[in-house]
Amino acid sequence: RQTALRRELSLVANNIANANTTSFKRELSIYGVAPTVAGPDAKLDFVIDHGASISFEPGSFKVTENDFDVAISGPGFFAVDDGTGIKYTRNGAFSRNGEGTLVTSSGYVVQPEIQIPDEATSISVSSNGTVTITVPGQVGAQEVGQLTLADFSNLTGLQPIGENFLVETEASGAPILSNPLEQGFGKLVQGALEGSNVNVVQELVDMIETQRAYEVSSKAITSVDDMLRFISNNL
């Protein structure tokens, strides 16, 4: 029980620390229950720790008015390549690297690759993911790429690897790819970012409750130790 409670405290502390992190998804502890005693007087207690799960509830949008910032309203993840494989994220804080390629704040290349020429004076991302630019001396907008989204049949099977990136696993299944606004996928909102889905007040309440439960558990263990020591010394 104490191991599970320590893990819960660690998760809550991490959630609070990332309350202002773009697109951060809070982690939840997963507990099983088992009878503390057998028979008709059996009671259930949270004694089995099954790890953590991610809550994929959406966060609120923050308007940035930055043309390279793109939020997803609805289901879906951006696919990015860090050079070792494909990762998935809802953090659309993009920029252009030295080669003009659209990348994440970590420098990972957005998939499929989109090139933004240096001479572009503006960039526009439509709700369905079409990326267009305007350049001096050219009449009208020029299409330079298409942002696509990925989704999974079992989101809880995705594995977090840090920095708000996830990777597919056997449990999550293979990614389902589509353009925004197609096949039930969400739409894109340019000039905005998705905030975290952490409710700081609720996390603080959870922390207090968990700390109290941990203290009670610790006192119970201490009492049992004292009792056993007394019995051992007086037999």
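The sections below set out a description of the structure shown in this document. (Residues numbered from 1 in each chain as written. Predicted model: local features only at pLDDT ≥ 70, side-chain atom pairs only at ≥ 80, totals over all residues. Heavy atoms only, no water.)

## Some details on the packing of aromatic side chains
Logical step 1: Using the criterion set out here, one finds five aromatic pairs in the structure.
Logical step 2: Centre to centre, the rings of phenylalanine 77 and phenylalanine 152 are 6.3 Å apart; their planes meet at 65 degrees, and the pair counts as edge-to-face. In this pair, phenylalanine 77 is assigned in the loop between strand S4 (70–73) and strand S5 (78–81) and phenylalanine 152 in the loop between strand S13 (149–151) and strand S14 (159–162), connecting sequence segments 75 residues apart.
Logical step 3: A residue is classified by how much of its surface remains accessible, and phenylalanine 77, at 4% relative accessible area, is buried.
Logical step 4: A relative accessible area of 5% means that phenylalanine 152 is categorised as buried. (Phe/Tyr/Trp six-rings, centres within 6.5 Å; stacked < 30°, edge-to-face > 60°. Helix = DSSP H or I, 4+ residues; strand = E, 2+ residues; numbered from the N terminus. Buried < 20%, exposed > 50% of the residue type's maximum accessible area, 1.4 Å probe, protein only.)

## Regarding the sheet that holds strand S12 (residues 142–146)
Logical step 1: The sheet built from three strands is open, its strands ordered S10-S11-S12 with antiparallel pairing. Across the chains shown, the open sheet's two edge strands, defined by having one partner strand only, are strand S10 (122–125) and S12. Geometrically, the sheet is characterised by an average inter-axis angle of 25 degrees between neighbouring strands, direction not taken into account. (Pairing = 2+ DSSP bridges. Axes fitted to C-alpha atoms, helices over the stretch in contact; angles between N-to-C directions.)

## Structural notes on the layout of surface pockets
Logical step 1: Its boundaries defined by the atoms lining it, the largest pocket holds a volume of some 290 Å³.
Logical step 2: Lining the largest pocket are 17 residues, and of these Phe24, Lys25, Pro160, Asn164 and Phe165 sit closest to its centre.
Logical step 3: Those elements that provide at least two residues to the lining of the largest pocket are S14 and strand S15 (165–167).
Logical step 4: Among the elements that make up the lining of the largest pocket, the one with the highest residue count is S14 (three residues).
Logical step 5: Quantified by volume, the second largest pocket comes out at close to 170 Å³.
Logical step 6: For the second largest pocket, the lining is made up of 16 residues, of which Phe56, Gly74, Pro75, Gly76 and Arg90 are closest to its centre.
Logical step 7: A per-class count over the lining of the second largest pocket returns seven nonpolar, four polar and five charged. (1 Å grid on protein atoms, 1.4 Å probe; cavity = no way out; pocket = protein on both sides within 12 Å on 5 of 7 lines; lining within 4 Å. Points joined across faces, edges and corners; volume = space filled by probe spheres on them. Nonpolar A, V, L, I, M, F, W, Y, C, P; charged D, E, K, R; others polar.)

## Some thoughts on the environment of glutamate 65
Logical step 1: Mapped onto the fold, glutamate 65 is located in the loop between strand S3 (61–63) and S4.
Logical step 2: With relative accessibility at 70%, the residue glutamate 65 sits in the exposed group.
Logical step 3: Sequence separation between glutamate 65 and leucine 193 is 128 residues; the distance between their C-alpha atoms is 9.6 Å.

## Some words on unusual backbone geometry
Logical step 1: A cis geometry characterises the amide bond from glutamine 111 onward to proline 112, with omega recorded as -10 degrees.
Logical step 2: Turning to its location among the elements, proline 112 is positioned in the loop between strand S9 (109–111) and S10.
Logical step 3: You will see that serine 23, though not glycine, has its phi angle at about 65 degrees, which is positive.
Logical step 4: Among the secondary structure elements, serine 23 is positioned in the loop between helix H1 (2–17) and strand S1 (27–35).

## Considerations on the pattern of salt bridges
Logical step 1: By the definition in use, this model includes five salt bridges.
Logical step 2: Measuring nitrogen to oxygen at the nearest pair gives 3.1 Å for the salt bridge that ties lysine 87 to aspartate 82.
Logical step 3: Glutamate 194 is the salt-bridge partner of arginine 90, the closest N and O atoms lying 2.8 Å from each other. Taken together, the positions of arginine 90 in the loop between strand S6 (86–89) and strand S7 (95–96) and glutamate 194 in strand S18 (residues 192–194) put the pair 104 residues apart, joining distant regions of the chain.
Logical step 4: Its relative accessible area of 9% is what places arginine 90 among the buried residues.
Logical step 5: A relative accessible area of 2% places glutamate 194 in the buried class.
Logical step 6: Within the structure, one salt-bridge network assembled from shared partners comprises Lys25, Arg90 and Glu194. (Salt bridge = Lys/Arg side-chain N within 4 Å of Asp/Glu carboxyl O.)

Read these as spatial facts, not as claims about activity.
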